[in-house]
Amino acid sequence: MARVFSGIQPTGDVHLGNLLGALVHWVRAQHEHESVYCVVDLHALTVPHDAEELRRSTSRLARLLVAVGLDPDVCTLFVQSHVHEHAEGAWLMECTASYGEMKRMVQFKEKSEKADFVSTALFTYPALQAADILLYDTDEVPVGEDQRQHVELARDVALRFNHHYGDTFVVPRAVVPPAGARVMDLQQPTSKMSKSADAAAGTILVLDDPAAITRKVKRAVTDTDGEVRYDVAAKPGVSNLLSILAACTGRTPEEAARDYTQYGPLKADTAEAVVELLRPIQQRYHELEDDPDAMVEILAKGAAKAQAVSSSVLDRAKRNIGLLAR
Ligand code: AMP
Ligand code: TRP
């Protein structure tokens, strides 16, 4: 069975785009592949942050991942900093990746241009990501398009390491979901729904209450021609509502469009479908919030499972690169 690894940063709130674009695929994949999912808190340290807020976001995200349906008995779900092999593996990656390769990373250029403080780790971030991936003998890495370059780097590092030091790492590949799975901002339907603060009215958070969801969907930008039709170029707002409704109810957007002639009922049904999709997730989330010991235990087991794999791969890499056994 192919092994799948993916990571998600504990920054900002999880929104409907993350859920429909990534997390529902993770939930499905856990039954089809041997899946490892990681809350990458070490990656979140690369930018200025508040210590208490990071701790809270990490536990919130872990809880949410369980609430959306990642089953800790089926997949491996853990927090990156609980498994020290990641930080140690990152050093071997930094020694194998070249400075030139790192300098070509588009995400570093974008993030560092905007930042007042640029940590060294923001630059070497892809080496840590490569360690995440390679330490699990990963075959496939499901990620958004923006992460493809980082996965390619992990692949190049694996090939170089294997070439110099003998067969050590499985060579991974990125699996990018089709663009159709993209959820757009309700206020600016030509941009992706995102977690940036200025998108609040256009972003549905997975933990939004039903009244907030209904209000955001009812205020969603449409257009003035009044016709319900799935046509992303000509009617981005209406098409986004149709694809959200379709994703929530297991149809295609074209099928969903046939049931409507007016925007009012389309919005009402879309709001209701989102509320119903999120209801059981929110309920499970709040149950886990009321039982903090359960989450501690889930994450401790996840870390132990993750470490069983990563420690043996790391040992193999340390031996092959020339470090003396203890
Ligand atoms: P981000 O929060 O942007 O780092 O994204 C985390 C994951 O959610 C990635 O796999 C993205 O591809 C996915 N994702 C983020 N925003 C959207 C969106 N608006 N529609 C679909 N998928 C998204
Ligand atoms: N860098 C990824 C992001 O920002 C998160 C991540 C860290 C990751 N390690 C990973 C994704 C390993 C896939 C595999 O989205």
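Read on for a plain summary of the structure.

Scoring rules and cut-offs
- Residues numbered from 1 in each chain as written.
- Chains lettered and ligands numbered in written order.
- Predicted model: local features only at pLDDT ≥ 70, side-chain atom pairs only at ≥ 80, totals over all residues.
- Heavy atoms only, no water.
- Helix = DSSP H or I, 4+ residues; strand = E, 2+ residues; numbered from the N terminus.
- Rg over C-alpha atoms; globule rule 2.2 N^0.38 Å.
- Contact = heavy atoms within 4.5 Å.
- Areas by Shrake-Rupley, 256 points an atom, 1.4 Å probe, with all protein chains shown as cover.
- Near = heavy atom within 4 Å.
- Polar contact = N/O pair within 3.5 Å; in protein donor to acceptor, adjacent residues only side chain to side chain.
- Nonpolar A, V, L, I, M, F, W, Y, C, P; charged D, E, K, R; others polar.
- Buried < 20%, exposed > 50% of the residue type's maximum accessible area, 1.4 Å probe, protein only.
- Pairing = 2+ DSSP bridges.
- Phe/Tyr/Trp six-rings, centres within 6.5 Å; stacked < 30°, edge-to-face > 60°.
- Axes fitted to C-alpha atoms, helices over the stretch in contact; angles between N-to-C directions.
- Parallel < 35°, antiparallel > 145°, perpendicular 65-115°, else oblique.
- Left-handed = near helix turned anticlockwise from the far one by under 90°.

## Digging into the overall build of the protein
No. 1: Within the protein, the regular secondary structure consists of 13 helices and 5 strands.
No. 2: Expected size for 326 residues packed as a compact globule is a radius of gyration near 20 Å; at 21 Å, the protein falls within 12% of this value.
No. 3: Projected onto its principal axes, the C-alpha positions of the protein cover 70 × 45 × 40 Å.
No. 4: Residue pairs at least 24 apart in sequence account for 75% of intrachain contacts in the protein once pairs closer than 6 positions are excluded.
No. 5: Summed over its atoms, the accessible surface of the protein is roughly 16,100 Å², and 53% of this surface lies on carbon and sulfur atoms.

## Let's talk about the site of ligand 2
No. 1: Taken together, 13 residues are adjacent to ligand 2, and Gly7, Tyr125, Gln129, Asp132 and Gln147 come closest.
No. 2: Glutamine 129 places a side-chain nitrogen or oxygen 2.9 Å from a nitrogen atom of ligand 2.
No. 3: Residue aspartate 132 places a side-chain N or O atom 2.7 Å away from a nitrogen atom belonging to ligand 2.
No. 4: Protein contact buries 89% of the 360 Å² of open area that ligand 2 shows by itself.
No. 5: Contributions of two or more residues to the shell around ligand 2 are made by strand 1 (3–8) and helix 7 (120–134).
No. 6: A class-by-class count of the residues in the shell around ligand 2 yields 6 nonpolar, 6 polar and 1 charged.

## Quick notes on the environment of serine 57
No. 1: Looking at the secondary structure, you find serine 57 in helix 3 (residues 51–68).
No. 2: Between the alpha carbons of serine 57 and valine 221 there is a distance of 31 Å; along the sequence they are 164 residues apart.
No. 3: One polar contact links the side chain of serine 57 to the main-chain carbonyl oxygen of glutamate 53, over a distance of 2.7 Å.

## Topic: the site of ligand 1
No. 1: The local shell around ligand 1 holds 12 residues, among which Gly17, Asn18, Val183, Met193 and Lys195 are the closest.
No. 2: Taking lysine 195, its side chain carries an N or O atom lying 2.9 Å from an oxygen atom of ligand 1.
No. 3: Its free accessible area being 480 Å², ligand 1 has 75% of it covered by the protein chains.
No. 4: Its residues placed into classes, the shell around ligand 1 shows 4 nonpolar, 5 polar and 3 charged.

## Points about the pairing of strand 3 (residues 76–79)
No. 1: Burial along strand 3 is two-sided: the residues Thr76 and Phe78 and Leu77 and Val79 are all buried.
No. 2: Note that strand 2 (residues 34–39) and strand 3 share 4 bridges and pair parallel. Counted as the bridge partner of valine 36 is threonine 76 from strand 3.

## With respect to the packing of aromatic side chains
No. 1: Evaluation of the coordinates by the stated rule reveals 7 aromatic pairs.
No. 2: Each member of the aromatic cluster is reached from another via a ring pair, and the members are Phe5, Phe78 and Tyr136.

## A look at the packing of helix 4 (residues 85–94) against helix 13 (residues 292–321)
No. 1: The interhelical angle for the contact between helix 4 and helix 13, taken along N-to-C directions, is 25°, at an axis separation of 10 Å. Compared by their axis directions, helix 4 and helix 13 come out roughly parallel. Considering the relative orientation of helix 4 and helix 13, their crossing is left-handed. Seen from helix 4, the contacting residues are Glu85, Glu88, Gly89 and Leu92; seen from helix 13, they are Gln307, Ser310, Ser311, Leu314, Ala317, Lys318 and Ile321.
No. 2: By residue class, the composition of the contact of helix 4 with helix 13 is 4 nonpolar, 4 polar and 3 charged.

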